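Structure at a glance
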Amino acid sequence: MKEILIFLFIILFSGIVINCQLIRVSTTNPQVTMETFENQQSFTFIPISSNSIRCSYSLRLIAKDTNKDINSIMVTRRDNDIPQNLFSTKTSTSTIEVIEFNGFIDLGSTTSTVSVISNSTIEYFKADYNITLTCSLVDTSKLTITINDVVNFDNRIGYYSSIRVAGMDNYKFGSLDTVDSTQLASFGRINIFAYVWPPLIFENQRDSLFTITIVVSGVVINLMTKSFYYNVPYPTTLFYDTYPNTVLTTPFMEFGFHNSPLVTITCDTQTSRPYQILISPLSWYYPKPISGKKGKMTFMVALQGSYGISNFSLISPIKDILSRISLPVNIIEFTHGTYGNISLSLSSYGLGSPNIQSLIPLFEVSFSGTAPSLTSNQYLFGMDLFDASWPFGYISGNHSNYLHTVDFLRPLNYSSISLPYRFSSTLLNGVQPFDSYVEHVSATLSTETSQPILTSYNFKRLMGKNSYLLLTANIISKNGVKRVLIDSKDYGLKTLVSGTNRNGTYEIIYPIPINYFSGIISFACYDIYGNNFNYIHNQVVSYEPLLVFKVPDYLVNYFSVDSFDNITFAKNNFNLLNSAGYNTMYLNSSKIDPNTPLELVLSDPVSSSYQSFQNNFVAGSFPIVYNSNSKLFTCDFIIPSNNLFGEISYYIRFTNGVLTNNQLGPNTPKLIVNETYLDNQGPIFSFINTINSGVPVSNNSDGYGYVFNITDDFNGFSSGSITVKGAMDLSKYTFNFKLKDAIHGNKLDSQYTIFIPVSKQCLSQTFIITSAILTDTNGISSVFNLFSNYPDPTINPFLKYFEDSIYQLYLVINCDATTKDYDYQNLVSFKHSIENSIIDVGKVNSSIVFDFSISSPQSGIKDQQSPIVYIFSQKLEKIECISTLVLVDETYGTTNFTCSTMLPIGFGYPGSLIFSIYGFLNNAGFFFGYSTNVIAKYFPSYYYIDTRFTITDEPIITSTDIIYSTGGSLVIYGRSLADTKQVSIYYSDTGVANTITQDTIYGSSAVSISSIAETTKSFKLQIITNSGLKSNEYWVTPVYFESPTTPVIPTNPPQKCIGNPECGGKLQGYCSPNGCICYSPWIGTGCQSKVIVVPPPILNPNEPSTNIITNSTNSESSSLVGVISIVSLRELDINNNVIKTFKFERWNQTNLQNNKNIYSSSIKFDSSSNDCFINVETQWYEELTNFTFANQLLVMNPSTLKYNINITAYPFQSNLNTLQLIIRAKLTQNDHDDNVCSNQEFGDTVTDNSDFIQLSVKDHSLYGRFVKRGIVDGRIISINNVKIDDLDNESNYYTSDSFIGIVLPQFTNLIQLDPDFGLLFDSTPTDSICKTGNSGSSLSKGAKIGIIVGCVGFVFVVAIAIVLLVKYKYHLRNLKSVIKMKKTNKN
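Scoring rules and cut-offs
Residues numbered from 1 in each chain as written. Predicted model: local features only at pLDDT ≥ 70, side-chain atom pairs only at ≥ 80, totals over all residues. Heavy atoms only, no water. Salt bridge = Lys/Arg side-chain N within 4 Å of Asp/Glu carboxyl O. Helix = DSSP H or I, 4+ residues; strand = E, 2+ residues; numbered from the N terminus. Buried < 20%, exposed > 50% of the residue type's maximum accessible area, 1.4 Å probe, protein only. Pairing = 2+ DSSP bridges. Axes fitted to C-alpha atoms, helices over the stretch in contact; angles between N-to-C directions.

Right, let's talk about the pattern of salt bridges for a bit. For the coordinates displayed, the defined rule picks out 18 salt bridges. Of the charged contacts in the structure, one is a salt bridge between K875 and D490, with a shortest N-O distance of 2.8 Å. A residue pair is termed long-range when its members are at least 10 positions apart, and K875 in the loop between β69 (868-872) and β70 (878-882) and D490 in strand β39 (residues 489-490) qualify at 385 residues. For D490, a relative accessible area of 26% corresponds to the partly exposed category. R1224 serves as the salt-bridge partner of D1297, at 2.5 Å between the closest nitrogen and oxygen. Note that D1297 is positioned in strand β105 (residues 1295-1304) and R1224 in strand β98 (residues 1218-1229), a separation of 73 residues in sequence. Of the residues examined, D1297 reaches a relative accessible area of 1% and is grouped as buried.

Structure below.
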């Protein structure tokens, strides 16, 4: 029977995708049974803009006919929309057609018939399908539309208002219509829209109320807001200055390319953003705050964007007086020079070339000219490009006349077509500011057209500090994969984790595209010939079987105004004077997927300075990570010190857009800086002068260089770097220095000198400072680059020398006689260290060494100018190996060099690597180098190497996430990590080494661990696999962070060392000032209890009770039961009176995995409050394990049962009330003979600042530890534990029974605690409470054998029976059962 199947993908304009299989309503094939709709399928759309009466839609259909005789399929619709054919294919079993309809529909419903027509050589088949499309207006009565009370300001946007539209569920307007037909754009794919105000509107309407009128579904809505400066006083005084101060009267030549003059404004403002605007002939600019505090601030802005005579206006009102200051300037553009007369030629070499018979396929670019540029050059062909500055490519010559020649591996995918090559100045953001030269070369090569095939893929979110995704893809490629790209970035073959590049598995870890405003990810793969696939979201990969490339929903899901239920901060007010603000954000949402990538971005001026210069993690952008314990999104972030006063703006960034704190609504918490002094300007040169400039070399014994002073008025100078270049020979010297290198002074004002080496044989020329970076102690940098395309003039460290022009930086060297040495030196030797010219780039230590020599120049090699060996792959990947001078051999007349470097994993694979050398410079100013072609001509065995890529089981650590000094979890990245067993950690500050078992393994490429201890120093990681292999050692440096609510955790007082011998003797422990410190496996206050290993407990499936057994040599029966119960939760008033009591009785149990279970219960309240949930997770540890709770490292001994227990939000009756978690510990022996006695102790531990309770019956005791800290809403706090005597207990001579109360403070979302318990064997029986009345001594501190049971978290009505069993039999009974034991033989 013939079958026609049609699959419909309906893609709404908003990005929602609905997948379904349509049902036929008619068919011309009598052999096919007609099917009908019971409920007609329909789809509803809303207009793109709020007041539109049309909706857009996109329908993608896949029609499949399984009749093998069918030749073709045609899909039509009975309307005016013309389908677009996307794909057609015919296999041995079916014919497939993919088409797409795009169009508009008016208000109302439209039913369309889609006809699928199949043609064969003998038959004609047709099947019809109906769909209903509805365009519906939004019901405004269900919407809540609000606007901020006051106009907002943002450095990037300017003055704006946020209009929030709530109540649209998953629908979204493309734009919001105003009454004057203006369409307001949204902040990404969310229903928040921006109205950007003309900045000059506030010049005359400071205290005005403004109305924005919008139209939604024909309904006119007026929204009112206040001016940004409503009731905000203007400054009473204002001063302005210019750099240079003569710029208003004298023409100014830029101090470097695009480094324009500056204006500073100082005023006595009470607001951090007074009304100030600089109007240029082309645009306007907002001055940025650079220094000051509340009451007196200084701002700076550049006079940029126009050359020649221009008139700028500075608007900065004083009191109620409108003020426009005219700033007429004449700016002369700084000239950057040219390449001289260029003559560009390209040549192609290959196998069988008449020049070199064995040469691998290359092409060569050569040109000559004069006056080589000091800027970088960009080389581009195909999809590959790279930047390289001098000396790359300069093969011979000097400033007056040079030759530039470079060789590249010829791409295999160009066949009988022109190969484009472009040589130009550096491109920036696609803009080509300088000259460009394009030529073509043709090559005839054989190619293969089979494209790679994606057979399967999978996305997985890495839950670390960085917003990373893991894409695992299986790819088959007939020709071999060459590139693997996500969003146009090539991640290379280093991502190959198994198989080969012809049939392999790839794991790509990449940063989630935050703020793409789409969430769409493209995934592409190229083979060695350029054949490729390129998929985006919802694109069909294959049809048999059907495979569609879909990114995770959390990347494309909508956000709305009400996506966030609640946002809070640990702190809201800050003193940033000389100290950073450490804080934590807590974000509660029942609507956001926990995997959703979110970032918190600070908009304060200092963070903005970080973002523009550093662009890294600590630069004002912080990941918001979901905490599975607290069920909250949390973000630890740092507000830089010495910042701007007042409110700090921030925004939450996600894949579909951004939400500023103002857009989130009026109840969103604020971050307020109360005490501070702003220093947002990097260090500057307050003095600079040349040393011996123009002095003849013969008369100079003091050297040539610069002397300069660096000042930074508040933060103070930290470090700097200056680069100086020769104008004639292009020699380059880079000087790095720190405060400790100063001749004299301090961090506020210090002096330095730098010297350029000049020999007696030299070239007369001028040296120029081409770049400088100065950084203060707060990370604020001043940056100068002579040839930067788009500099920020306000951070130029030479601003005080704008008056003296750029020539102040020129250093003139006068040689007595010009040294003549223009001979091209021969390359005498060249070799590398790779055997058989094949290097394995699958290893972490792929090193290569080069040794080479040249015939010595007559004038000698210039000092500190090292030639560079360049290593290139076919994809224009580049590594520079900077050489060192080994020997000037006067006997043989050679100068010898060496260099070594490491190749990154996967570098250049698949393919070859070629070598070239450039940067030889003699003292006469003549430079020379050797292209790959030249090296191949004279040293054909060493001009290239081939690569191979071996995948081994040896683990490799390549990087980690950022981690704070407070410790916690960490994601480790690398290769061959799938078999990880544990991670060894060495802390450099304490010298402590321990081992942590991994939490999660992400394929072969990442491992997450927790329990990193709190440390401010670097620590070392090493991964150990199950097979015993060890990775490389990798050092991690934490970022300093202080908990915003750093608790004052009590420290236990010193205790007297006890025991006989003291502390168990020298083999078991030693006496410290705080008490006994025990050696593992000994424990206890006197180091006289020993941990032994017992089998895992047997789970009781009906209730949270556990029996733990051990073997002994007892021969007489006895019975002992130890019970730990979480009895109840009590609410207490301020006087500790019990207000409410909740007993825990019912539990739901889930087996998570081996030795790990979870129990859950709840407390129900009235309808006005949510239930309080209690979750208890138990896990059995068979080995010694370090465990971190509340930043405290705890030891979990072998045979430990750990609890992770959580209590969710509780509705306190009063803000003054507290909770008390009641734990009952009971130890009972049923052998009630006259020798049985019991005892109790409660006190402080020695090593871990905890409380303990010890219940003893005869020769056994139950030991409990209560840590004096907990985690409340993500914050670490001090916890108080009390022994409760007001509850009935059953203590007598054979039973020791006690209640402990853990006092819980008020909390909002979640609270966690950490008690643990163990059953001990006492060699000396207790005799405190005895049947005979003999109650003298307390529990003996004699030798004890202990079974330690750890329990972590909040504990709720969990009863744990800890049972000692001797003999070799075990009987599982309920909690009240008697466990038989045999007494020890005494023989």
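Anyway, onward from the coordinates.
As a further point, take the sheet that holds strand β14 (residues 175-178). Spatial ordering of the open sheet is given by β15-β14-β17-β18, a layout of four strands whose pairing is antiparallel. Of all the strands in the sheet, the pair left with one neighbour each is β15 (183-185) and β18 (219-226). Neighbour-to-neighbour, the strand axes of the sheet open up by a mean angle of 40°, direction not taken into account. As paired elements, β14 and β15 share three bridges and run antiparallel to each other. Following the sheet pairing, D177 is matched in β15 by Q183.

Peptide bonds are, in most cases, trans, and in most cases residues other than glycine have a negative phi. The step from W390 to P391 runs through a cis peptide bond, and the omega angle for that step is 20°. Mapping P391 onto the fold places it in the loop between β31 (384-388) and β32 (394-397). Residue P910 is reached from Y909 by a cis peptide bond, and omega for that bond is -5°. Within the secondary structure layout, P910 lies in the loop between β72 (894-902) and β73 (912-921). Located in the positive-phi region is N642, a residue other than glycine, with phi close to 50°. Position of N642 relative to the elements: it lies in the loop between β51 (632-639) and β52 (646-648). Unusually for a residue other than glycine, N692 sits at a positive phi of about 60°.

Here we take up the sheet that holds strand β37 (residues 467-476). Across the sheet, which stays open at both edges, the four strands sit in the order β36-β37-β41-β40 with antiparallel pairing between neighbours. With partners counted over all chains shown, the strands left at the sheet margins are β36 (453-463) and β40 (496-499), one partner each. Between one strand axis and the next, the sheet turns through 15° on average, direction left out of account. Where β37 meets strand β41 (residues 503-511), nine bridges bridge the pair, whose relative direction is antiparallel. Note that in β41 the partner of L470 across the bridge is I509.

Read these as layout, nothing more, since geometry by itself doesn't imply function.
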